[in-house]
Protein chains: 2
Amino acid sequence: MKNNITMKDIADRLGISAVTVSKAINDKEGVSGELKEKIKSLALEMGYRYNAAAKSMKDGLSYNIGVVIPERFTGLTQSFYLRIYQQISKNLEECGYYSTLHILNSEDEEQMTLPRIYYEKKVDGFIILGQVSKGYIETIQKMELPKILLDFYDEHADIDSIVTDNFYGAYEITNYLIQQGHRQIAYVGNLYSTSSIQDRFLGYFKSLLEHRIPLQDHLILNDRDERGKFIDIELPESLPTAFVCNCDQVALELIFKLKKLGCDIPNDCSVVGFDNDIYSTLSEPHLTTVEVDVIMMAQTAVKLMMEKIRNPHRKSGRILVQGKIIYRDSVRKL
Amino acid sequence: MKNNITMKDIADRLGISAVTVSKAINDKEGVSGELKEKIKSLALEMGYRYNAAAKSMKDGLSYNIGVVIPERFTGLTQSFYLRIYQQISKNLEECGYYSTLHILNSEDEEQMTLPRIYYEKKVDGFIILGQVSKGYIETIQKMELPKILLDFYDEHADIDSIVTDNFYGAYEITNYLIQQGHRQIAYVGNLYSTSSIQDRFLGYFKSLLEHRIPLQDHLILNDRDERGKFIDIELPESLPTAFVCNCDQVALELIFKLKKLGCDIPNDCSVVGFDNDIYSTLSEPHLTTVEVDVIMMAQTAVKLMMEKIRNPHRKSGRILVQGKIIYRDSVRKL
DNA sequence: CTGAAAGCGCTTACAG
DNA sequence: CTGAAAGCGCTTACAG
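From a predicted model like this one, the values you see are computed outputs, not experimental measurements. (Residues numbered from 1 in each chain as written. Chains lettered and ligands numbered in written order. Predicted model: local features only at pLDDT ≥ 70, side-chain atom pairs only at ≥ 80, totals over all residues. Heavy atoms only, no water.)

Undergrad: Please clarify how the overall build of chain A should be interpreted in this entry.
TA: A count of helical and extended segments in chain A gives 12 helices and 12 strands. Since a compact globule built from 334 residues should have a radius of gyration of about 20 Å, the 26 Å found for chain A marks it as more spread out than a globular shape. Here chain A holds 334 residues, and the buried ones make up 56% of them. A fraction of 65% describes how many contacts in chain A between residues 6 or more apart in sequence connect residues 24 or more apart. Here chain A displays about 15,100 Å² of accessible surface, and carbon together with sulfur accounts for 49% of that area. Taken as two groups, the 40 positive and 46 negative side-chain charges of chain A have centres that lie 6 Å from each other. (Helix = DSSP H or I, 4+ residues; strand = E, 2+ residues; numbered from the N terminus. Rg over C-alpha atoms; globule rule 2.2 N^0.38 Å. Buried < 20%, exposed > 50% of the residue type's maximum accessible area, 1.4 Å probe, protein only. Contact = heavy atoms within 4.5 Å. Areas by Shrake-Rupley, 256 points an atom, 1.4 Å probe, with all protein chains shown as cover. Lys, Arg positive; Asp, Glu negative; His and termini not counted. Charge placed at Lys NZ, Arg CZ, Asp CG, Glu CD.)

Structure (C-alpha cells):
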C-alpha cells in the first residue's frame, strides 16, 4: 500500500522518537499532555493508521476469535447460529477484538481437520457454536487455546460451555400446559440427535413426573433422523391435547400437518415451541414458546472468552442462560 | 502462549538456518527435497504453527477482508445477508483469506464512522453488503483499499459493485404472468426505499410497456417506509389478478392478508415474489419467485476482491448476477 | 542448495 | 518526560 504512514514518520516530522509517538497514541504514561495532543492531531492529519500486525507480533496475540459453526446448522432455514454469531461479533468489537467465522464442513469434522486459522495463529481462542462430533471435540481439546462450547456441551470434555437452560425452559412450559388443564401431552423431537433436544425432553419429563403424569412412549414423536435431517412426523392414533415441540420450526411443521388433518389450533390441539425464532410468528395462531436469549448467550460467551484470554486457567464449567416463556395464541385452557 | 515454536527452533534442532526452514514450509525453491521433507515432518512433530502476524507485517497485508452489513438488514426475519456472508467467508478461506464481519449500526452510518478494523489495518479490503447511505459511501470511497458494493450500487460512486439482475428478473417474471393471461398486475414495494426495489419495479414496468399494458398508479402498492420498516399494505378497491412483490417476505405477508379477505391463492389472485428465500416455502401455496443466486454472488465478490488486491487498478464496474425463475404454485393460468 | 543480514512497525524495559 | 536498544517471527535479496 502506498499511503503507509508509520509512527516513525510522525516522530520524524516532530523531531521526536517513535517510542514517544507510541506512548501518545496508546494513551500511555510518559508523554506530556501537550506533546501527546500534538502527536495525535498530526497522526490524524497524516492519515496515520495503526498497524495491528506489529502489535500482534510483539505480544503474540491476534486479537481475533474464531467462531466455528458446523455447516449443517447454517442452511436456508437456520439463521439461529448466524444471529448469535452476529451478536458475538458485535460484542467482541466492543472489547477491541474481532471475529472470524469458520464454517465447519462435515468432511473436516469427520477427519478432524482443525481450521486453518488455528495453524496460522490467526485467532486467540475459539467459540464452537453448535454441536460437533465427540471426535472433533477431542481434537479441539488438544489446542492450547481458550475455547468455549456454545449452545451445547459434552460431558466427557471439560471444555467450558454456555447453553440455554433447555431443561428448565421445557420444564416451565410443560408446567404451563398442565396448569392449563392438559394431561395428554406429547413431546416432539429425536432424543438422540442433540443434547438440546434431549435436555428439553428431560425438562418435559420432570414436569410430568412432578404432576404424576405417566410418560407414554407413543407420545414421544420423532422429528428428524440422527444426522438432523427432518422427517415426516408420525402422529399417534389418538391425538394428545397438547404438543411440546423441541423447536419452533418443528412446531410450525406440526401445525401445518395438524391443520391438514382438519385439526384446529388451539381449539383441538395446543402446540408450544422452543426458541422464539422466526418460525414462531409464521403460523396461525402464533406460537407460545420459550425464548432463547441470544443477546445474553453471545454476551456471556464473549465475556468468558476475554477472561480466559487474560487468565488461561479460568474455568467456568457449564453456564446456563435462562430463557423465558413468550405467551401467544397456540395454547388453549381446557 | 507457552508452546511457542518458531522456525528458528526447528532450524536449531536441525542445525540449519531459519531461512531454509521458511523456504521448506512455504514450498519455495532453494531447498533439497530431502531436507524439505525432514523439516516438514519435524515441524509437524514439534507442533509448529505458522505465525501469520509476522508475514502480515512483512508484506503489509492482513489476509483479512472486512464485510460490512448495515444492522437494519440483520433482524430476526432477515437472514439473507448473513447467508451471503457465510458464503463469502467460505470462498475467502479457499483463497487463504479470512473474513471479519462488521455490523454497521445506524449511528456510525450517520456519523460516517469507519469500522475500527480499517484504522487498525486489520483488513486488506472491504465488501459492503447492503445499501448504505450516500454519505457513508463517500466516506468509504476515501479509503485507499479495494472495496466492493454487494447487492446494491450507487451511480455517483465509481466503486465496483455486484448486484442481482433485479431488472431482468422482475422483467422475466412479469412476462411470465402476462403469458399466463394476466393483465391487471400490481407491483408491491416502496420505489424510494432501495435501488433493488426500484430496479425490480422498472423490470416490471418494461414488461408492461412491451405488452402495451398501461402502468396504473393505483396498482403500485407501498410495503414499507423509506427507512425500510414494513407497513400495512393498502390494497386497491378492485383487486388485480396478479401481484409482483419485490421480495418473498412481502409476498408472504400479502398472501396472509389476501387470505384473510377470503381470497384464494392462486385461484382468485396470483402472487409472485423475489429472492427465493425462506419465506417462499412458508406460504400455502408455495411461491413462484425469482431465485437470487447467493452462491454466485459471494463467489463473484471474492474473486473480484482477490483480483483487486493483486491489482488495485482493476475495475469491474457493475456486475450483474443473473437470477432464475422458480416455478411453484402461486400463479394461475387465466 | 544454503544462509547472514536487514527490515517489516511496533513495544518493552531500561537509562537518562 | 523522553528515547536508544533490542526483540517479536518471518521473508527478501543477495552472497557463497
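Read on for the rest.
Undergrad: Help me understand the pattern of salt bridges in this model?
TA: Any two side chains of opposite charge can pair, on the condition that their charged atoms come close. Residue and element names in this part refer to chain A. Taken as a whole and judged by the stated rule, the model has 34 salt bridges over all chains. Salt-bridge contacts for Asp232 lead to Lys257; the nearest nitrogen and oxygen are separated by 3.2 Å. Here Lys257 lies in helix α11 (residues 248-260) and Asp232 lies in the loop between β7 (220-221) and β8 (242-245), a separation of 25 residues in the sequence. Given the relative accessible area of 61%, Asp232 is considered exposed. Residues Arg314 and Glu307 are paired through a salt bridge, measuring 2.5 Å at the closest nitrogen-oxygen approach. (Salt bridge = Lys/Arg side-chain N within 4 Å of Asp/Glu carboxyl O.)

Undergrad: How do you make sense of empty space enclosed by the protein when you look at a structure like this?
TA: Any empty space left between the atoms is revealed when a probe the size of a water molecule rolls over them. Across all of its chains, the model carries 3 cavities of 30 Å³ or more by this definition. In this model, the largest cavity occupies a volume close to 50 Å³. For the lining of the largest cavity, a count of residues per class yields 5 nonpolar, 6 polar and no charged. (1 Å grid on protein atoms, 1.4 Å probe; cavity = no way out; pocket = protein on both sides within 12 Å on 5 of 7 lines; lining within 4 Å. Points joined across faces, edges and corners; volume = space filled by probe spheres on them. Nonpolar A, V, L, I, M, F, W, Y, C, P; charged D, E, K, R; others polar.)

Undergrad: For this particular structure, what's the right way to read the sheet that holds strand β7 (residues 220-221) of chain B?
TA: Strand pairing within a sheet occurs via backbone hydrogen bonds; the two strands may be parallel or antiparallel. All names here are of chain B. The parallel open sheet is built from 4 strands, whose spatial order is β7-β6-β8-β9. At either end of the open sheet lies a strand with only one pairing partner, and these are β7 and β9 (270-272). Alignment of strand β6 (residues 185-188) against strand β8 (residues 242-245), held across 4 bridges, turns out to be parallel. Bridge pairing in β8 links Val188 to Cys245. The sheet strands contacting helix α10 (residues 195-210) are β6, β7 and β8, and the helix crosses β6 at an angle near 170°. (Pairing = 2+ DSSP bridges. Axes fitted to C-alpha atoms, helices over the stretch in contact; angles between N-to-C directions.)

Undergrad: Quick question: what am I supposed to make of the relation of the copies chain B and chain A here?
TA: Both copies of the chain are related by one operation, a rotation about an axis with a shift along it. When chain B is fitted to chain A, the best match, at an RMSD of 0.0 Å, comes from turning it 180° and sliding it 0.0 Å along the axis. Within this description, the copies of the chain are treated as partners about a two-fold rotation axis. (Least-squares fit on C-alpha atoms with pLDDT ≥ 70 in both.)

Undergrad: Help me understand the protein's contact with DNA strand D in this model?
TA: Close to DNA strand D lie 23 residues; Asn4(B), Met7(B), Ser22(B), Tyr48(B) and Tyr50(B) are nearest. The sugar-phosphate backbone supplies 61% of the atoms of DNA strand D found within 4 Å of the protein. Ser17(A) has a polar backbone atom sitting 3.1 Å from a phosphate oxygen of DNA strand D. Here the surface near DNA strand D takes 3 residues from helix α2 (residues 18-25) of chain A, the largest share from any one element. Grouping the constituent residues of the surface near DNA strand D by class yields 10 nonpolar, 9 polar and 4 charged. (Near = heavy atom within 4 Å. Polar contact = N/O pair within 3.5 Å; in protein donor to acceptor, adjacent residues only side chain to side chain.)

Undergrad: Would you mind showing me how to read the environment of Gln131(B) here?
TA: Residues and elements named next belong to chain B. Counting through the fold element by element, Gln131 comes out in the loop between β3 (126-129) and α8 (134-141). C-alpha separation for the pair Gln131 and Asp268, spaced 137 residues apart in sequence, amounts to 36 Å. Not counting chain neighbours up to four residues away, the residues in contact with Gln131 comprise Pro70, Arg72, Phe73, Phe152, Tyr153, Thr194 and Ser195. There is a polar contact of 3.1 Å between the side chain of Gln131 and the backbone nitrogen of Ser195.

Undergrad: I tried to follow the domain arrangement of chain A on my own but got confused; where do I start?
TA: Accessible area lost on assembly of the parts is the figure often given for the size of an interface. Along its sequence, chain A is carved into domain 1 (7-50), domain 2 (64-164 + 294-321) and domain 3 (166-292). Taking the mean C-alpha position of each, domain 1 of chain A and domain 2 of chain A sit 38 Å from one another. (Domains from an automatic or database assignment.)

Undergrad: What should I look at first to understand the protein's contact with DNA strand C in this one?
TA: In the neighbourhood of DNA strand C, 23 residues make up the surrounding shell, with Asn4(A), Met7(A), Ser22(A), Tyr48(A) and Gly30(B) lying closest. Among the atoms of DNA strand C lying within 4 Å of the protein, the sugar-phosphate backbone contributes 60%. Measuring from a phosphate oxygen of DNA strand C, one finds a side-chain N or O atom of Tyr48(A) at 2.3 Å. One of the backbone nitrogen or oxygen atoms of Ser32(B) is found 3.0 Å away from a phosphate oxygen of DNA strand C. Of all the secondary structure elements, the ones that give two or more residues to the surface near DNA strand C are α2 and α4 (52-59) of chain A together with α2 (18-25) and α4 (52-59) of chain B. Looking at the surface near DNA strand C element by element, the count peaks at 3 residues for α2(B).

Undergrad: So what exactly am I meant to see when it comes to a nonpolar patch on the surface here?
TA: Taken together, Phe167(A), Tyr168(A) and Leu202(A) make up a surface patch of nonpolar side chains, about 240 Å² in accessible area. Relative to the elements of secondary structure, Leu202(A) occurs in helix α10 (residues 195-210). (Patch = residues over 30% accessible without salt bridge, like charges linked within 9 Å, V, L, I, M, F, W, Y side chains within 5 Å.)

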